[in-house]
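Remarks on the overall topology
Below are the chains, spelled out letter by letter.
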Amino acid sequence: MAFNGADTPGGPLGRMRVVDYILDYLAAGAVTHIFGVDGANIEDVYDAAYFHDGITAVLAKHEFSAATMADGYSRSGAGLGVVAATSGGGSLNLVAALGESFASRVPVLALVGQPPTTLDGRGSFQDTSGRNGALDAEALFTTVSVLCERVCSAADIVAELPRAIMAALTGGPAVLLLPKDVQQAQLNRQHHDDRQAEHAAGRPRVRFSDPHPIARALQQARGPVTIIAGEQVARDDARRELEMLRATLRARVACVPDAKDVAGIPGLGSSSSLGVTGVMGHPSAAEAVAASAVCLLVGARLPVTARAGLDEALARVRTLSVGAVAPYVPCTHVHTEDLRTTLSQLTSALTGRGRPHGLRVPEISRRTELAPPPHDGPGVRYRDAMAALDAALPDGADIVIDAGNTGAAAIHYLPVRRGGRFAVALGMGGMGYSFGAAIGMAFGRRQRTVVIAGDGSFFMHGLEIHTAIQYRLPITVVLFNNNAHAMCLTREQLFYDDRYSYNRFTRSNLGAGLATMFPGLPAVDVADAESLPQALAGALAADGPAVVSIECSADEIPPFAPFLAAPSAAADTQATPTTHEEKIDVAASA
């Protein structure tokens, strides 16, 4: 945006509004999109965005979804995700989504409008100043952010904006509370002219430790090395460096559930791929760790969802870690906020004269799947649906998964696309995340993005598809409609003897309903596996959004280890014993 005096929203020559300064500063840092919901105390930000050539302000339908758009945009690798919301209930709607970004260490900047400072503690509508009994927004957002600051004067934004961005880039959301009078206040033009220098000075100082303790331990290894790759590999875009290290170590790689795409392995044909760890993962990953001389964690904290089934193996195997945060398991940990540099250093240290001589590659790499009990209820089985998706999805497609039984099946069964992203929100596991996140990812990468979600998630935030329609984004929504909160229903069946249910829904036809609600939207219901490939092909070929709603059974148990270990699982369903595993033996290669 060119500032040329009184003819621009920036105001008179030599002065500019704080909101114009914010937008200009963000654009100078390569931010191209802001996601949000407009409202009285944030409308000045939208006004500034309208007049800024370098920034597109995307209007969402709900602040939770707007924040997940920023989260998905950031996870896509497109840059810093930015969300803008007004005061009061609008700002409170951000909390759940920012909690996900906080738990998953996703960089997001939240610009939150506030009533004017002149009305703090004086009964203003939506007062969140914390004064005179008002809700304290700063205290609230501090709990779900790596930094939260209330901007109290125009001059303060010069220091607080770069500080917030710097904090977010270390991993997590940063929040700026912006009173309306501060947004409109005039700022000295000199601050605008100096913004490039401020950007250079305000870049976060990347901290990393000497990785040679890890290199020395690997040089001394006698046997196989297994790598467990985590979400920081995606955040730092260290996929190539991870593959170089894997090849040097001739290691096999398992991924945590929310980092399926980081190993660069598109399907199940690579002998170096061990699948996914944790409650939705492959037992073969735990077997490989147990048989290893060394297990190397790369950017992986291993919370319970990613660690289930691994504790016993990790307790017996030498465990090393590189990453920005120490894992939840005892190990030798080296701190790094730049995995690309650290992994390159490790690879260099392990080549030439530093090459390990005691490494061994197993002749057979066994891949095992969880084996839920057979189910013959109505609709399409999870495994069959994921097989149809695997056959239909093209290379480069991005996949965003929601929580629940559907998410467990997708994480366990559906391979990553070559060159595509695979995102799932397991930090907080909030239902409905995928709809907004897919929109953010589609804006960031401008390629086919696929949402996989259940009807329970759809009823929470699925109507955000209207935003995808409005912007004609290439998003295919695949809904698994079992007319229930199926994971909660499964718990009732397994742990309460199926004596009652709070979690079955009145039947709905989501495809037909959406087709009627949004004329021109390709949306269909599919009730059998035979019809699914054609429906998916049509949806993926659509110019813009499309929906396929798959009828499935709420009584089918998904590939979710805690359910398969439940004492009543086999007895209640006459199931195959849960210790049974489908085994696929893959010849290993160096």
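Everything numeric in this text was worked out from a predicted model, so none of it was measured. (Residues numbered from 1 in each chain as written. Predicted model: local features only at pLDDT ≥ 70, side-chain atom pairs only at ≥ 80, totals over all residues. Heavy atoms only, no water.)

Looking only at helices and strands, the chain features 27 helices and 22 strands. In the chain, the share of contacts with a sequence separation of at least 24, taken over all contacts with a separation of at least 6, comes to 76%. Carbon together with sulfur atoms contributes 52% to the accessible area of the chain, which is approximately 22500 Å² in total. (Helix = DSSP H or I, 4+ residues; strand = E, 2+ residues; numbered from the N terminus. Contact = heavy atoms within 4.5 Å. Areas by Shrake-Rupley, 256 points an atom, 1.4 Å probe, with all protein chains shown as cover.)

Okay, unusual backbone geometry next. Note: most residues except glycine have negative phi, and most peptide bonds are trans. Within the chain, Gln126 stands out as a residue other than glycine whose phi angle is a positive 65°. Residue placement: Gln126 occurs in the loop between strand E5 (108-114) and helix H6 (137-142). When its relative accessible area of 26% is taken as the criterion, Gln126 is described as partly exposed. Positive phi, close to 60°, is recorded for Leu302, a residue that is not glycine. Counting through the fold element by element, Leu302 comes out in the loop between strand E12 (294-298) and helix H15 (304-307). (Buried < 20%, exposed > 50% of the residue type's maximum accessible area, 1.4 Å probe, protein only.)

All right, on to the side chain of Glu369 then. Among the secondary structure elements, Glu369 is positioned in strand E15 (residues 364-369). On the basis of relative accessible area, Glu369 is assigned to the buried category, the value being 4%. Only 2.9 Å separates the side chain of Glu369 from the side chain of Arg383, close enough to count as a polar contact. (Polar contact = N/O pair within 3.5 Å; in protein donor to acceptor, adjacent residues only side chain to side chain.)

Right, let's get into the layout of surface pockets. The gaps left among the atoms become clear once a water-sized probe is rolled over them. In this structure, the largest pocket occupies an estimated 810 Å³ of space. Lining the largest pocket are 33 residues; nearest its centre among them are Pro107, Ala234, Arg235, Asp236 and Asp237. Among the elements of the structure, helix H3 (63-75), helix H12 (231-235) and strand E17 (422-424) are those that each provide at least two residues to the lining of the largest pocket. Here the lining of the largest pocket gets 4 residues from one element, more than from any other, and that element is H12. (1 Å grid on protein atoms, 1.4 Å probe; cavity = no way out; pocket = protein on both sides within 12 Å on 5 of 7 lines; lining within 4 Å. Points joined across faces, edges and corners; volume = space filled by probe spheres on them.)

This brings us to helix H18 (residues 382-392). Along H18, the residues that are buried comprise Tyr382, Ala385, Met386, Ala388 and Leu389. Buried residues in H18, looked at end-on, bunch into an arc of 155°, giving them a common side. Among the structural elements, helix H19 (405-413), strand E18 (449-454), strand E19 (475-481), helix H23 (486-495), helix H25 (532-541) and strand E21 (546-551) are those in contact with the buried residues of H18. (Arc of directions from axis to C-beta.)

Quick look at the pairing of E19 now. The element E19 is extensively covered by neighbouring structure, given that 7 of its 7 residues are classed as buried. Residue alternation in E19 divides its side chains into two sets, Ile475, Val477, Leu479 and Asn481 and Thr476, Val478 and Phe480, and both sets are buried. In terms of strand pairing, E19 meets E21 through 6 bridges, oriented parallel. Its bridge partner lying in E21, Val477 is registered against Val547. (Pairing = 2+ DSSP bridges.)

Now for the confidence of the model for the chain. For the chain, per-residue confidence averages 89 on the pLDDT scale, and 88% of positions sit at 70 or higher. Contacts from residues 1-12, a stretch scored under 50 in pLDDT, to residues over four places away or in other chains number 30 contacts. Low pLDDT (under 50) marks residues 570-590, which in the prediction has 43 contacts with non-local residues, meaning those over four places away or in another chain. (pLDDT = per-residue confidence, 0-100.)

A separate point is the packing of H18 against H25. The relative placement of two packed helices comes down to the angle between their axes together with the axis-to-axis distance. Between H18 and H25, the least distance of the axes is 10 Å, while the angle of their chain directions is 45°. The angle between the axes of H18 and H25 places the two elements in the oblique class. For H18 against H25, the interelement crossing comes out right-handed. Residue-level inspection shows Ala385, Ala388, Leu389 and Ala392 of H18 in contact with H25, the latter providing Leu532, Leu536 and Leu540. Counted by class, the contact of H18 with H25 contains 7 nonpolar, no polar and no charged residues. (Axes fitted to C-alpha atoms, helices over the stretch in contact; angles between N-to-C directions. Parallel < 35°, antiparallel > 145°, perpendicular 65-115°, else oblique. Left-handed = near helix turned anticlockwise from the far one by under 90°. Nonpolar A, V, L, I, M, F, W, Y, C, P; charged D, E, K, R; others polar.)

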